[in-house]
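# Structure assessment
If you want the building blocks of each chain, they are given just below.
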Amino acid sequence: MKTRYEISLTIRVVLLLASITAAAFCIVSAKYSLLVFAILVLVFQIFNFVQFINKTNIELTQFIEAVRYRDFSLQFTEKNAPVSVRQLRRAFNQINATFKQLSSEREEQYQYLQKILELVDTGILSYNQEGEVGWINESFKRMMNVPYLRNVSSLEKRDMVVYQAIMSLENGDSQLVKINQKQVLLAKTTFLNEDIETNLIAFQNVNEAIEDTEAQAYQKLLRVMTHEIMNSVAPIASLAETMEKAVARKKGEKEKGDKGNEDFDDISLGISTIRRRSENLLKFADTYRQLAKVSITSFSEFFVHDLFEGVEILLENQIEQKKIEFDVLIKDFEMTIEGDMVLIEQVLINLIINAIDAVKSQENPKITLATYRGQDERPVIEVRDNGVGMSPDLMDKIFVPFFTSKPNGSGIGLSLSKQIMTLHKGTISVHSEEGAGTVFRLGF
């Protein structure tokens, strides 16, 4: 093909030179009639030569226009094409095929990346310098409870704290904020996208990681405390028991009616008191040690209505005695939960007993036990009451072991409940307003 192109070009150049030579000969020989004919032939050859050369430029222009508008569907016909452009068309078609393949691979990568970002639990928000949102994933929508977001400034009305945190973040910085009672880590990065500066914010839910760390720390603390208490008290209890037996033996040796018996009675009573209190303290420490070792022993799938029925039977007398209105709401009677039914039952008992204490001073006390499916179609259980409610400061402390707002409370019920939910890979959260009641929510 290259040889044919060179031959065609050479013939045209030779003919053009021949025509110029013939025209010059006519001028020199004064053959003007032939000169006119020679000039016409020369003009035709020049026009044909220019057209021959311009075919390449035309083809190149068409190709550049196609590339400019990213139209890689354009095909250049190679068969029956002029020799001057056939090789060029073949090259253009090969380039188009390569671009098409690259575009297809890029689209596949984009779709693949988009699917990954939709599946991850981390929320993603991207926006430009004007605040216009470029993209958000489903995790962000669920986290912020927004179906759509056009401009990042719209977050100001929904959550002022989150909006201010986003605006204050610098490139590479991170900040911890609370969103819907959950700890979320915001991280920002900035990059150029088609010469446009784009901000990317990642919303990572670290609530579970923080709760796991806290639970492990509390368990270590419990183990250390119970170990030290038992090591210290056990010798005291043993020594008190030995002394009590020795005093009793000495007392028996004395004659009846001896005045010294009163002293023995006092000493015996004191030692007996020390022994009893030491034994009680050992039992108390052993109880907390067992709580620190709580674990799932029977993992199975069970109906929620069976769980509710068992809890209601256990607390029925207590609820009726206090004249509390107790409602059970089940939207899906076939709803099931996988876990240790005994442990989850214990969680509900703890929450309802707390609710009973919270509504005791209300005129129309009411407790509601409800279940439904959350946004992710997973089971949710709620325990609501119309009691005195809690302050924000108190809500931050109620899951801490040993913390209690009750005069006779142990401070272990809610901590144990949180530990049980953590074992089930679930969550426990609280929403409360002073004077408006409290809602505990269990997510599975």
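I will try to describe carefully the structure that is included in this document. Quick caveat: nothing in here was measured; it's all calculated off a predicted structure. (Residues numbered from 1 in each chain as written. Predicted model: local features only at pLDDT ≥ 70, side-chain atom pairs only at ≥ 80, totals over all residues. Heavy atoms only, no water.)

## Here we look at the packing of aromatic side chains
Just so we agree on the cut-off: Stacked, tilted and edge-to-face pairs are distinguished by plane angle, under 30 degrees for stacked and over 60 for edge-to-face with tilted covering the rest, among Phe, Tyr and Trp rings (Trp via its six-membered ring) whose centres lie within 6.5 Å. Labels follow the DSSP assignment, with helices taken as runs of H or I lasting at least four residues and strands as runs of E lasting at least two, numbered in each case from the N terminus. The buried label goes to any residue with under 20% of its type's maximum accessible area, the exposed label to any with over 50%, and the partly exposed label to all in between, with areas taken from a 1.4 Å probe on protein chains only.
The tally for this structure, following the rule as stated, stands at one aromatic pair. Measuring from centroid to centroid gives 5.0 Å for phenylalanine 140 and phenylalanine 203, while their planes differ by 65 degrees, and the two rings are edge-to-face. With a gap of 63 residues between them, phenylalanine 140 in helix H4 (residues 138–144) and phenylalanine 203 in strand S5 (residues 196–205) connect regions that are remote in the sequence. An identical accessibility class is assigned to phenylalanine 140 and phenylalanine 203; each is buried.

## Overview of the sheet that holds strand S7 (residues 325–330)
Stated formally: In this scheme, strands are said to pair when DSSP sees at least two bridges between them. Only the stretch in contact is used when a helix axis is fitted, and all axes are lines through C-alpha atoms; the angle between N-to-C directions ranges over 0 to 180 degrees. Between two residues, a contact is recorded if the distance between any of their heavy atoms is within 4.5 Å.
Read across the open sheet, the five strands follow the order S7-S9-S10-S12-S11; overall the sheet is mixed. The open sheet is flanked by S7 and strand S11 (427–433), the only strands paired with a single partner. On average, each strand axis in the sheet is tilted by 15 degrees relative to the strand beside it, whichever way the strands run. Helix H9 (residues 304–321) contacts S7, strand S9 (366–373) and strand S10 (379–385) of the sheet and is inclined by roughly 180 degrees relative to S7. Here helix H10 (residues 341–358) sits on the sheet in contact with S7, S9, S10, S11 and strand S12 (437–443), set at roughly 20 degrees to S10.

## Quick notes on the packing of H9 against H10
Each pair of packed helices can be described by the angle between their axes along with the distance between the axes. This is how it is decided: By convention, the crossing between two helices is left-handed when the near helix turns anticlockwise from the far helix through less than a right angle, and right-handed when the turn is clockwise. Put simply, Ala, Val, Leu, Ile, Met, Phe, Trp, Tyr, Cys and Pro go in the nonpolar bin, Asp, Glu, Lys and Arg in the charged bin, and everything else, Gly too, in the polar bin.
Contact geometry for H9 and H10: axes closest at 10 Å, N-to-C directions at 35 degrees. The chirality of how H9 crosses H10 is right-handed. Listed contacts from H10 to Asp306, Leu307, Phe308, Gly310, Val311, Leu314, Leu315, Gln318 and Ile319 of H9 are Met341, Ile344, Glu345, Leu348, Ile349, Ile352, Ile353 and Ile356. Across the contact of H9 with H10, the residue classes break down as 13 nonpolar, two polar and two charged.

## Some thoughts on the environment of serine 8
Mapping serine 8 onto the fold places it in helix H1 (residues 2–29). Judged by relative accessible area, which is 18%, serine 8 ranks as buried. For serine 8 and phenylalanine 52, which are 44 residues apart along the polypeptide, the C-alpha to C-alpha distance reads 9.6 Å.

## Side note on the pattern of salt bridges
Here is the rule we go by: Think of a salt bridge as a Lys or Arg side-chain nitrogen and an Asp or Glu carboxyl oxygen that are within 4 Å of each other.
Summed over all chains, the structure comprises six salt bridges. Among the salt bridges present, the one from aspartate 332 reaches arginine 373, with a minimum N-O distance of 3.4 Å. Residue aspartate 332 is found in the loop between S7 and strand S8 (336–339), and its partner arginine 373 is found in strand S9; the two are separated by 41 residues along the sequence. Take aspartate 332: its relative accessible area is 27%, and that puts it in the partly exposed class. Taken together, the shared-partner salt bridges connect Glu382, Arg384 and Arg441 into one network.

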